[in-house]
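# Structural overview
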Amino acid sequence: MLASARPAHALATRPSVVSFAGALAWRVTRSGVPPTCVIPSDLSTSANASSSSARSQPGATGSSTRRSSVVTSATGKKGGKSSSNASGLLSGVHPDSVEQVGRIVEKAQAASDRWGVEITGFLDPALAADAAMAIGRAADVTAMPWGGHVRAERVRLVMGRKETLGEPWEAKEEQEETDGTTDGGEDVDTENRDSNPSVSNSPDSFRQIASDENGVVVLVQITGNFVFDTADHRDFLGAILGTGIDRGKIGDVYVSGERGAFVMCDPAMGEFLGTALTSVRTVPVRCAVVPLSELKLPKPRVDQFTTIEASMRLDAVASAGFRMSRAKMNDLIVAGAVRVNWREGCKPKTLVAAGDVISLRGKGRVEIGAVGETAKGKFQVDVVRYL
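Residues numbered from 1 in each chain as written. Predicted model: local features only at pLDDT ≥ 70, side-chain atom pairs only at ≥ 80, totals over all residues. Heavy atoms only, no water.

This part is about the sheet that holds strand β10 (residues 286–290). Strand pairs in the sheet, formed through backbone hydrogen bonds, run parallel or antiparallel to each other. On the basis of which strands lie adjacent, the open sheet formed by 4 strands has the order β6-β7-β5-β10 and antiparallel pairing. In this open sheet, the two edge strands, each paired with only one partner strand, are β6 (250–255) and β10. Neighbour to neighbour, the strand axes of the sheet diverge by 25° on average, direction disregarded. Bridging between strand β5 (residues 218–223) and β10 involves 5 bridges; their strand directions are antiparallel. Bridge pairing links V220 to V289 in β10. (Pairing = 2+ DSSP bridges. Helix = DSSP H or I, 4+ residues; strand = E, 2+ residues; numbered from the N terminus. Axes fitted to C-alpha atoms, helices over the stretch in contact; angles between N-to-C directions.)

So this is what it looks like as structure tokens:
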């Protein structure tokens, strides 16, 4: 299927995206709605129920029937011409995600109605972005992404009312993105950040759910001697999934050279890997859950430049971004090695726009920044390549 790509008329400008959380927020806020996310029912697990006093708060009941009707009409049979499908919560969602995002919206609204908390499995950036756009149009519900650190791509979404979740770590994220000190190994300060300590210390608060000690994401260190049998990201992920673990239980995988790798995963799967994963390729390995602070990520290496293109076709912009010939890039796109906004199935003629992310297997990714027009009618494109 053709990848989701915004038309060339979207010549908007924005700062370079430095983390998935930032990209997620921008894709929502540019449409004028708060940066909120939602939860898929087939990937979610219920957190502890809120107290009876919370359930009795005004607005906790009485709206579920009205909200469900909106979602039901938007996720009806294919080809339906309901007006809600065009203007409802799912308007603009990528066709590949409509059904799953519909279930996400229903689960999010149900959690809001009962003043509860829901947590997804790990979501890929494309699905999370579509879910964020849909839930951003709903009221009385918010969700915060967490994948073990602020630069994680695969994230779990912690969802509930803002009164239940408390405040996120916005101040810390902004500071790290500004001074370039972000890395997954820094301890996250969960104290003295919330104006309401009783919410911040609640078991249902985002900061407690995303904490190192009792959080919903754990870090597993895989150690082995890979000097004579080098393993890459695909090798580690394949070995992990080969134990029978569902992909939704596994987050980002970080290869640490000849020493092994680090894996973000669901807490239950962290314990399981300790006994189930015994080798990667031909190398015997040991797995152990370690503190999130053990993950030390280097500062991202980026190459920022501006290119002039006759069109915003994928093959043209990508060839400039990855500094290779257009013919070679065309072959890579046809071979399926290129994704736009983490989605497969793109074609050389796919149009890209400001804010899109182009990924090339084994070569990193390129983010399209500001797009302008030259005096001769060509496109002036700001590009950020992550090496």
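Evaluated as defined, the whole model comprises 1 aromatic pair. Taking the ring centre of F122 as reference, the NZ or CZ of R156 above it sits at 5.7 Å. Positioned over the ring face of F305 is R323, at 4.1 Å from the centre of the ring. (Phe/Tyr/Trp six-rings, centres within 6.5 Å; stacked < 30°, edge-to-face > 60°. Lys NZ or Arg CZ within 6 Å of the ring centre and 35° of its normal.)

Here the focus is the confidence of the model for the chain. Close inspection of predicted coordinates is inappropriate for parts of the model with low pLDDT. Scored by pLDDT, the chain comes out at a mean of 74, with 68% of its residues at no less than 70. Here helix α2 (residues 52–55) stands out as the least confident element of the chain, with mean pLDDT 38; helix α13 (residues 314–321) is the most confident, with 96. Note that residues 171–199 has pLDDT below 50 and, in this model, 49 contacts with residues that lie over four places away or in other chains. (pLDDT = per-residue confidence, 0-100. Contact = heavy atoms within 4.5 Å.)

With that settled, consider the pattern of salt bridges. The tally for this structure, following the rule as stated, stands at 12 salt bridges. Ionic pairing is found between R281 and D229, a salt bridge with its closest N-O pair at 2.7 Å. Here R281, found in the loop between β8 (279–280) and β9 (283–284), pairs with D229, found in the loop between β5 and α11 (233–241); they are 52 residues apart in sequence, far enough to count as distant. For D229, a relative accessible area of 14% gives the class buried. Between E367 and R365 there is a salt bridge, with the nearest N and O atoms lying 3.6 Å from each other. Like R365, E367 is buried. Linked through salt bridges whose partners overlap, the residues forming this network are E153, R365 and E367. (Salt bridge = Lys/Arg side-chain N within 4 Å of Asp/Glu carboxyl O. Buried < 20%, exposed > 50% of the residue type's maximum accessible area, 1.4 Å probe, protein only.)

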